Amino acid sequence: MLQDKIINMALGAVDPLISADRARCVRMRFNKNTCSICTANCRSGAISIDDGIAVEARKCTECMLCVSECPSGCFIVADEDFFVLLSKLRKTQNSVSNPVLGCKQARDTEAHEKTRCLGFLSEEHLIALTEYLDKPLSLNLTACGGCRNSFIVEMLKERIQSARTKTSLDVGKRIILAEKKADLVFEDVSVDRRGFLKALKTMTFTQVAGLIVKNDAEIPVSYTAKRLPVKRDIFNTLVRKRANGNSATDILRNYAFTVKAGSSCTNCFACVGMCPTGALKIKKDAEGSGLLFNSSLCTGCGLCSDFCPAHAVSVSPGFFGNDYFEPDICNADAFTVHAVAGKN
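Residues numbered from 1 in each chain as written. Predicted model: local features only at pLDDT ≥ 70, side-chain atom pairs only at ≥ 80, totals over all residues. Heavy atoms only, no water.

Draft legend 1. Local environment of helix H5 (residues 82-92). Judged by how many residues are buried, H5 sits mostly within the fold: eight of 11 residues are covered. Those residues of H5 lying buried are Phe 82, Phe 83, Val 84, Leu 85, Leu 86, Ser 87, Leu 89 and Thr 92. Between the side-chain oxygen at the start of H5 and the backbone nitrogen of Phe 83 there is a gap of 3.0 Å, and the oxygen is on Asp 81. (Buried < 20%, exposed > 50% of the residue type's maximum accessible area, 1.4 Å probe, protein only. Helix = DSSP H or I, 4+ residues; strand = E, 2+ residues; numbered from the N terminus. Polar contact = N/O pair within 3.5 Å; in protein donor to acceptor, adjacent residues only side chain to side chain.)

Draft legend 2. Molecular detail of helix H7 (residues 152-166). With 15 residues, H7 should cover 21 Å at 1.5 Å per step; its first-to-last C-alpha distance of 21 Å lies within 8% of that length. Of all the residues in H7, the buried ones are Ile 152, Val 153, Met 155, Leu 156, Arg 159, Ile 160, Ser 162 and Ala 163. (Expected span 1.5 Å × (residues − 1).)

Draft legend 3. The confidence of the model for the protein chain, seen in detail. When pLDDT is averaged along the protein chain, the result is 83, and 81% of the positions lie at 70 or above. Across residues 202-210 the pLDDT falls below 50, and counting only partners more than four positions away or on other chains, this stretch makes 13 contacts in the model. (pLDDT = per-residue confidence, 0-100. Contact = heavy atoms within 4.5 Å.)

Draft legend 4. A look at the packing of helix H6 (residues 123-132) against H7. Two elements in contact, H6 and H7, have axes whose closest approach is 9 Å; the angle formed by their N-to-C orientations is 70°. In this view, H6 runs roughly perpendicular relative to H7, as classed from their interaxial angle. Between H6 and H7 lies a crossing of right-handed hand. Across from Glu 123, Leu 126 and Ile 127 in H6, the residues of H7 making contact are Arg 159, Ile 160, Ser 162, Ala 163 and Lys 166. (Axes fitted to C-alpha atoms, helices over the stretch in contact; angles between N-to-C directions. Parallel < 35°, antiparallel > 145°, perpendicular 65-115°, else oblique. Left-handed = near helix turned anticlockwise from the far one by under 90°.)

Draft legend 5. Broad picture of the pairing of strand S10 (residues 280-285). Note: S10 against strand S11 (residues 288-293), six bridges, orientation antiparallel. Counted as the bridge partner of Asp 285 is Gly 288 from S11. (Pairing = 2+ DSSP bridges.)

Draft legend 6. Structural view of the packing of aromatic side chains. Tallied over the full model, the rule gives six aromatic pairs. Between Phe 82 and Phe 83, the ring centres sit 6.4 Å apart and the planes meet at 65°, which makes this aromatic pair edge-to-face. A relative accessible area of 5% means that Phe 83 is categorised as buried. Ring geometry for Phe 319 and Tyr 324: centres 5.8 Å apart, planes at 65°, overall edge-to-face. Exposure remark for Phe 319: the relative accessible area of 14% places this residue in the buried category. (Phe/Tyr/Trp six-rings, centres within 6.5 Å; stacked < 30°, edge-to-face > 60°.)

Draft legend 7. Representation of the environment of Thr 92 within the structure. Mapped onto the elements of the fold, Thr 92 is located in helix H5. Sequence separation between Thr 92 and His 112 is 20 residues, and the spatial gap between their C-alpha atoms is 7.4 Å.

Draft legend 8. Inspection of the side chain of Asn 140 at higher detail. By secondary structure assignment, the location of Asn 140 is in strand S7 (residues 137-140). By relative accessible area, Asn 140 is classed as buried at 4%. At 2.6 Å, the side chain of Asn 140 forms a polar contact with the backbone oxygen of Glu 110. Engagement of the side chain of Asn 140 in a polar contact is seen with the side chain of Thr 142, the distance being 2.6 Å. Contact partners of Asn 140, with chain neighbours within four places excluded, come to Val 100, Leu 101, Gly 102, Thr 109, Glu 110, Leu 118, Ala 178 and Leu 184.

Draft legend 9. Here's a closer look at unusual backbone geometry. Positive phi outside glycine occurs at Met 64, with the angle close to 75°. Of note, Met 64 is situated in the loop between strand S3 (53-55) and helix H4 (65-69).

Draft legend 10. Quick peek at the sheet that holds strand S8 (residues 175-178). Overall, parallel pairing links the four strands, which are arranged S6-S5-S7-S8 in an open sheet. Strands with a single pairing partner mark the edges of an open sheet, and in this sheet they are strand S6 (113-115) and S8. Between one strand axis and the next, the sheet turns by 30° as a mean value, whatever way the strands run. Here strand S5 (residues 100-103) runs beside S6; their pairing, made up of three bridges, is parallel. Its bridge partner lying in S6, Gly 102 is registered against Lys 114. Set on the sheet, H5 makes contact with S5, S6 and S7; between it and S6 the angle comes to about 160°.

Draft legend 11. Local environment of the nonpolar core. Among the nonpolar cores identified, the biggest contains 62 residues, and Ile 18, Ile 53, Phe 75, Leu 121, Leu 129, Leu 139 and Ile 175 are the most heavily contacted of them. Per-element tally for this core: the top contributor is H7, with six residues. When near neighbours in sequence (up to four residues on either side) are disregarded, Ile 53 contacts Ala 20, Arg 22, Cys 25, Met 28, Cys 38, Ile 47, Ser 48, Cys 74 and Phe 75. (Core = buried A, V, L, I, M, F, W, Y, C linked by side-chain atoms within 4.5 Å.)

In structure tokens form, the structure reads like this:
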């Protein structure tokens with residue numbers, strides 16, 4: 001490892017801001033999978049999927065589209081933590097008319113908080129910012145016109161429109177896109193700066209009280225390890241918060257997934273090992289054997305369906321069951337057959 005770093009330094013190599021967890025990539029987990037979301041979204045051609053998945057630092061423009069679009073959370077930005085960012089914005093909104101979020105690449109732009117390129121904000125992030133901030137949030141896009149990642153503005157508009165269509169939340173009015181300086185309303189934080197910074201320091205590594213359940217476990221690198229992507233964590237907290245509202249129904253219909261296994265399922269449980277998030281598990285008890293599915297842990301990657309030797313597994317958008325957070329038998333026909341066979 002040290003030897004590689006010395007060689008890279010000698011060759012003038014650039015360390016990538018974005019790293020890829022090979023174990024999270026569905027193409028790496030199963031070589032017959034054809035997912036190309038990251039390469040299709042990368043305008044600079046910095047991502048390659050050959051023998052492994054890699055981000056070429058010299059080509060990468062740090063637009064963050066690979067991070068926000070990948071459903072399995074394959075791409076990681078070491079210095080980005082959405083939960084911390086949300087906590088800071090919630091603190092800021094107590095002192096201004098509306099908080100402003102900007103881009104770290106645009107260093108001179110006015111913003112109360114900054115993230116890497118605003119392409120980092122997926123639909124799930126935008127919905128969460130709408131839901132957990134009491135005041136509208138302005139995104140400072142005034143420097144985007146002259147940026148190499150200017151295409152992000154249109155991408156954000158598309159995501160906001162999509163979120164408005166899929167939910168009953170008023171994302172369009174709660175997330176303000178300030179493309180011109182005349183559109184931006186920025187106020188300095190009106191409290192003592194020292195006190196404000198001290199307050200932020202104490203809360204930097206805390207979750208949003210009572211709202212976000214954050215998983216602080218170490219990120220596994222093994223193919224057998226199960227981990228839920230941050231986007232799905234965000235999604236699940238929204239569902240919990242809106243458990244009895246119409247928006248929860250909309251969110252489940254448009255952002256959740258359902259896995260079913262037909263009667264040709266043999267209970268080989270190959271799909272359980274292939275699933276990167278633990279959404280599929282084995283049920284074995286006195287009644288027999290079966291396959292359990294938990295929609296709250298599913299990202300819809302489709303690996304279970306791709307890998308099934310019996311072609312019995314299907315993944316469909318939307319969840320219409322009784323309990324989104326509880327596992328249930330998803331191969332009822334096969335489970336009944338095996339249970340009866342076991343009793344004879």
